[in-house]
Amino acid sequence: MTASKIQDAQPIDTLIVGAGFAGMYMLHKLRELGIGAQVVEAGSGVGGTWYWNRYPGARVDIQSLEYSFGFDAALEAEWHWSERYAPQPELLRYADHVADRFDLKRDIQFNTRITSAHWDNTEGRWLVGSEADEFWACRYLILATGCLSVPTDVTFPGIETFPRPIYRTSRWPREGVDFSGQRVGIIGTGSSAIQSIPIIAEQAVHLTVFQRTPNYSMPAHNGSIPDEDIHARASDPRGYRAASKDTPGGFQNFGNTALATQTSPDEIRAELERRWAWGGFRILGAFADTAIAPAANRIVHDFIAEKIREQVADPAVAELLTPKDHPFGTKRPCVDTGYYATFNRPNVELIDLKSDPLVAFNAGGITTAKRQHDFDAIVLATGFDAMTGAIDRIDLRGVGGRKIKDHWAEGPRTYLGLMVAGFPNMFTITGPGSPSVLTNMINSIEQHVEWIAECLASLAKRQHASIEASAEAETAWCRHVMEAVTPTMMPQANSWYMGANVPGKPRMFMPYAGGLHTYTEICRQVAAKGYEGFVIRNGDSVLSESHDFTSHPPMPDIPEALMPIIIERLMAAGLMPAA
Ligand SMILES: Cc1cc2nc3c(=O)[nH]c(=O)nc-3n(C[C@H](O)[C@H](O)[C@H](O)COP(=O)(O)OP(=O)(O)OC[C@H]3O[C@@H](n4cnc5c(N)ncnc54)[C@H](O)[C@@H]3O)c2cc1C
């Protein structure tokens, strides 16, 4: 950065990057505390995920009563969701409503993409630059850049030779797309594809679905909000919200403590049918051992495979749509409306790219090993460079000019998913190493924003000191993130949680699998112990210093019967001494 750019940099206490739900609430919270803050956002409006992902069928897959802000009782009371799982346009209206209600837009600069952020150790500040060469000098930098905001860079041989439109679900045109009378191809069968395929199939004259890996999908049973939820929230709004947050996933899933491996087949069937009928993610909580014991996981897998066979008329197609390469729940499961039944339509065709690989795009469409497929339009639903993608794309340099890319060369290292050693005064909202994508993210966002705000308020009281995660605490936290996931089967899947969908990305399980409730308590204890694991400085003087992280939770509520498997896996991973 040149001296003139540094001189011209606009001074600000706190710069927040991103105006999704995280950046919006962060701004509101800092204003309440009287801390100066400005948001910069690449898009032209608020809403983040719900601003960019306008594909047909886009909707939330956690009930809207829970996937919405709980920090303001009046906001909660005045907003009425139209259905259980709000669609994208309604979520975007909600984001706009929140922004207008709290007058946030006056401190959000839109159409501004941050491309660099360098720590200036002499002045104790961040120098942050945009694509358009605008600069800010801020004491604190908060990255609210989103876990799923950067699409993967996938490309295909010959893609440039296809002369008709190619759409990405994650960058869908604002004016929408009308596929009537068109032959459409869609690549991908993750969540965005599973939501959009039934709707595109209704419009298109023919839809070809190119599948690399099938995913598990549960029916949403979308419709009006269940009376039991309306009643529970109306009678005790604070209690309803607290009950959501005090769960592993940040939503009320009524996790069963019984083990599938110790339950009779009739009771298993009744439990699974009940949860399937309720819809959404509820089946994830059917038994306490499905994430850990292969036999229990297989029971749920077999149940879902049977449900797929019931919905898909052609047994060969049903077989192709049934996941085989990963245990249930080890990749993010999907929630659908009519996905499997769509394959019964005469105008829908499934191409299995494992047995018929994609060769190239061409002027007509796509060639696979077996034949040519001609299209008027192609849709790429090829996923995201999750959790680290948005941060990686910023030229981010900490103390001594160390690049975040180098610090994260073997996978993202953070302390609590909130800070990175050697990157003082820089916070990540729902960063890698926090529960984030394993949860209802609005609740995780609220927890992070409130923790960061409290931390900044406490630093303000100490003459705006600087804070930095210690290298030792960061190492201990990374180990704890491994300890939390190793007992589960999650590391067995080639998932985006592991970075496996991006060629060359280091393989490491990125989110914290210990649960939001456990994690919130850890963060609370860290703060209560005077920011354990952090070094707080004012200029050259150290105000408080702790290099340890000791706020480990006990093993959260693990049934005794599972301990042998857990111990064996921890030992095999070197996370527990061999007996
Ligand atoms: C299709 C889809 C469906 C989802 N469904 C669910 C769901 O059902 N339940 C759930 O809990 N979560 C869901 N998520 C996750 C979702 O991302 C979060 O729920 C939540 O919206 C994240 O909010 P955020 O503010 O942290 O990030 P985002 O909403 O991603 O916002 C980040 C913002 O930062 C901006 N930004 C990034 N980098 C820069 C930069 N360098 N300069 C300037 N601006 C930048 C982006 O433009 C974006 O607007 C879904 C995600 C996707 C993609």
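See the structure shown above.
Residues numbered from 1 in each chain as written. Predicted model: local features only at pLDDT ≥ 70, side-chain atom pairs only at ≥ 80, totals over all residues. Heavy atoms only, no water.

K.L.:
Help me out: how do you make sense of the environment of Glu545 in this one?
P.N.:
By secondary structure assignment, the location of Glu545 is in strand β21 (residues 541-545). Remark: the alpha-carbon pair of Glu545 and Gly530, spanning 15 residues in sequence, is separated by 9.0 Å. Excluding its chain neighbours within four sequence positions, the residues that come into contact with Glu545 are Phe534 and Val535. A polar contact of 3.0 Å, which involves the side chain of Glu545, links it to the side chain of His547. (Helix = DSSP H or I, 4+ residues; strand = E, 2+ residues; numbered from the N terminus. Contact = heavy atoms within 4.5 Å. Polar contact = N/O pair within 3.5 Å; in protein donor to acceptor, adjacent residues only side chain to side chain.)

K.L.:
Sorry, what's going on with the sheet that holds strand β15 (residues 372-374) here?
P.N.:
Each strand in a sheet pairs with its neighbour through backbone hydrogen bonds, running either in the same direction (parallel) or in the opposite one (antiparallel). Strand order across the open sheet formed by three strands is β13-β14-β15, with antiparallel pairing between neighbours. Two strands close off the open sheet at either side, each with one partner strand: β13 (358-361) and β15. Neighbour-to-neighbour, the strand axes of this sheet turn through a mean angle of 20 degrees, independent of strand direction. Looking at chain direction, β13 and strand β14 (residues 365-368) are connected through three bridges and run antiparallel. Looking across to β14, one finds that Phe361 is bridged to Ile366. (Pairing = 2+ DSSP bridges. Axes fitted to C-alpha atoms, helices over the stretch in contact; angles between N-to-C directions.)

K.L.:
What is the right way to look at the site of the ligand in this model?
P.N.:
Around the ligand, the surrounding shell holds 32 residues, and the nearest of these are Glu41, Thr49, Asp61, Tyr67 and Met441. Taking Ala22, its main chain carries an N or O atom lying 2.9 Å from an oxygen atom of the ligand. Asp61 has a polar side-chain atom sitting 2.5 Å from an oxygen atom of the ligand. Looking at the shell around the ligand, the elements with two or more residues in it are α2 (21-32), α3 (49-52) and α15 (441-461). It is α3 that contributes the most residues to the shell around the ligand, three residues altogether. (Near = heavy atom within 4 Å.)

K.L.:
Is there a simple way to think about helix α16 (residues 471-485) in this case?
P.N.:
Three- or four-residue spacings in an α-helix give side chains the same orientation, since the helix completes a turn every 3.6 residues. Here α16 contains 15 residues, and its C-alpha end-to-end distance of 22 Å stays within 8% of the 21 Å for a straight helix at 1.5 Å per residue. Taken residue by residue, α16 has Ala473, Glu474, Trp477, Cys478, His480, Val481, Ala484 and Val485 as its buried positions. On an axial view of α16, the arc spanned by its buried residues comes to 160 degrees, and they lie on one face. (Expected span 1.5 Å × (residues − 1). Buried < 20%, exposed > 50% of the residue type's maximum accessible area, 1.4 Å probe, protein only. Arc of directions from axis to C-beta.)

K.L.:
Hey, could you run me through the sheet that holds strand β12 (residues 348-352) in this one?
P.N.:
Spatial ordering of the open sheet is given by β7-β16-β8-β9-β12, a layout of five strands whose pairing is parallel. The strands lining the two open edges of the sheet, one partner per strand, are β7 (166-168) and β12. Strand-to-strand twist across the sheet, computed as the mean angle between neighbouring axes with direction ignored, equals 20 degrees. Two strands pair when backbone bridges link them, and strand β8 (residues 183-187) and strand β16 (residues 377-380) are joined in this way by four bridges, in the parallel orientation. Note that in β16 the partner of Ile186 across the bridge is Val379. The strands touched by helix α6 (residues 191-203) are β8, β9 (206-211), β12 and β16; relative to β8, the strand with the most contacts, the crossing angle is about 170 degrees.

K.L.:
Before we go on, may I ask you to explain the packing of aromatic side chains in this structure?
P.N.:
Aromatic rings considered in pairs are described by the distance between their centres and by the relative angle of their planes. Counting across every chain of the model gives 35 aromatic pairs. Look at Tyr216 and Phe328: their rings are 5.2 Å apart centre to centre, the planes differ by 80 degrees, and that puts the pair in the edge-to-face class. Of the two residues, Tyr216 is situated in the loop between β9 and β10 (217-219) and Phe328 in the loop between α11 (315-321) and β11 (334-336); the sequence distance between them amounts to 112 residues. Taken together, the ring pairs connect Phe21, Tyr25, Trp50, Tyr67, Phe69, Phe71, Trp79, Trp81, Tyr94 and Phe102 into an aromatic cluster. Over the ring of Tyr51 we find Arg54; its NZ or CZ atom is 4.9 Å from the centre of that ring. Between Arg282 and the ring centre of Trp278, over which it is positioned, the NZ or CZ distance is 3.5 Å. (Phe/Tyr/Trp six-rings, centres within 6.5 Å; stacked < 30°, edge-to-face > 60°. Lys NZ or Arg CZ within 6 Å of the ring centre and 35° of its normal.)

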